[in-house]
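Spelled out, the chains give:
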Amino acid sequence: MTDLIIIGAGPGGYKAALHAARQGLKVTVFEEEHVGGTCLNAGCIPTKTYVHSATFEEATERQQQVVEALRGGIETLLAHPNITLIREKGVFSDTHTVSGVTAKNIIVATGSSAKRMGQGLSSTELLQLRTLPKRLCIIGAGVIGMEFASVFRKFGSEVTVIEYLKECLPMMDSDIAKRLRKLMEKRGIDFHMGASVKSIDGQQVVFEQKGKELTAEADAILVATGRKPNVAADYAKAGFEYDERKGITVDEHFETTVKGIYAIGDVNGRQMLAHAAEMQALHVVNRIVGIEDSIRFDVMPAAIFTEPEAALVGPSEDRLKEQGVPFECHKSFYRANGKALAMNEAEGMVKLCCEPGEGKLLSAHIFGAHAADLVQEVTAYITLGATLQQLRETVHIHPTLSEVLIGVN
Ligand code: NAI
């Protein structure tokens, strides 16, 4: 007997399976490819291996080892006595039946895929190249575009980025996004902002900027213009609402329009982040087994693993202004931090926004070495409803980068 069916063993699916199994549920997981999903096999983990490798050759070699080691770890965890892993595509035949298995509760965690454009490569395909492209053209200066631009430039490719908007990383504080782009320009990356791609013709990208038609020649073309949820035709048999572009419709508990069927991770189109999928998995299983939790899905940190990193939690200063929220903004710079100078990482900036009078913390947008770790600290404060004054009054080890946070003006 199965209590819970899970379709997809990416970060959302396998976390849900483990948590449910530990709570005593009998779980059946369907996975048609490798366990670990995009994040482990073709996303977060391989790209971080690239960031932490000195050469392209080292990166491509280590990528395989790191991915296989982690995949092995997940397979060991999934060998739990309460979990049955079926290595095939899970297909709905009715509301509670998937590929011949029936259960009261079902979690759909099928992820997302890259949007395609002409013969351009997806990030997954770019990671399969075994020869460093001499010229790389990237379409889109979002998270994937910026991460790949940074790392391929480090390996020695000539990188051109073509972006539709005026600035990179639209969700990031605009001052920080601009500083990051300028730094990458100094390193030799050629950015064409406010430019829209018309077509890809062999090794040529045709685009329009300020009314002029231009072309960029490249040995490899990466299309990083967003991802789309992986929805399948058999969902109609399950009966829940979904949209090809926006994904599966869910409520605040990630339940679809059919009771007992949930959709977590990229496929619900909410927050396309591995850690968002993992937390949604915990929440859904908690609901199924009757555990109350207080996970703050409105406090969702994110990081962009360029060199140096950029990271954020909460709305940017620009967004708070647009929303008309009363707030004050405090800044500090890495160049005034002893540890940053000792590490030769003087480039960096912190922006903290809080309610007036050093009140409740609202957001942190950071650019600089280990920005993701610094944002994590502020995430804890925001989750607990703490103020900037309380952050300032917390003792920080000297000398650490975290002192940049208490050094804000
Ligand atoms: P994205 O939505 O972050 O950025 C896409 C960019 O492409 C936008 O700036 C957009 O203006 C631009 N664009 C779209 N069409 C264009 C065109 N025709 N010509 C020029 N520019 C165009 O999407 P991205 O980078 O592909 O990432 C996909 C998803 O994966 C995102 O949700 C992202 O958050 C997630 N992701 C997160 C990572 C992280 O957290 N470190 C790493 C990688 C992906």
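What this report covers is the structure whose coordinates are included nearby. (Residues numbered from 1 in each chain as written. Predicted model: local features only at pLDDT ≥ 70, side-chain atom pairs only at ≥ 80, totals over all residues.)

### Focus on the site of the ligand
Around the ligand sit 24 residues, and of these Gly140, Gly142, Ile144, Tyr164 and Met272 come closest. Breaking the shell around the ligand down by element, the ones donating at least two residues are α6 (143-155), β12 (195-201) and β20 (302-304). Here the residues of the shell around the ligand sort into 16 nonpolar, 6 polar and 2 charged. Mapped onto the domain boundaries, the shell around the ligand takes at least three residues apiece from domain 1 (4-114 + 227-289) and domain 2 (123-223). (Near = placed C-beta within 6 Å. Helix = DSSP H or I, 4+ residues; strand = E, 2+ residues; numbered from the N terminus. Nonpolar A, V, L, I, M, F, W, Y, C, P; charged D, E, K, R; others polar. Domains from an automatic or database assignment.)

### Some points on the nonpolar core
Among the nonpolar cores identified, the biggest contains 73 residues, and Ile138, Leu222, Ala310 and Val375 are the most heavily contacted of them. Once you skip the residues sitting within four places of it in the chain, isoleucine 138 turns out to touch Gly145, Phe148, Ala149, Val159, Val161, Leu222 and Ala224. (Core = buried A, V, L, I, M, F, W, Y, C linked by C-beta atoms within 7 Å. Buried ≥ 20, exposed ≤ 12 C-beta atoms within 10 Å, placed from the backbone. Contact = placed C-beta atoms within 7 Å.)

### Concerning the pairing of strand β13 (residues 204-209)
Two strands pair when backbone bridges link them, and β12 and β13 are joined in this way by 6 bridges, in the antiparallel orientation. Directly across from aspartate 201, in β13, lies its bridge partner glutamine 204. Examined bridge by bridge, β13 and strand β14 (residues 212-217) share 6 bridges and lie antiparallel to one another. In the sheet register, valine 206 faces β14, and the bridge partner there is threonine 215. Between β13 and β14, which pair antiparallel one after the other, the connecting turn spans 2 residues, and lysine 210 there sits at a positive phi close to 45°. (Pairing = 2+ DSSP bridges.)

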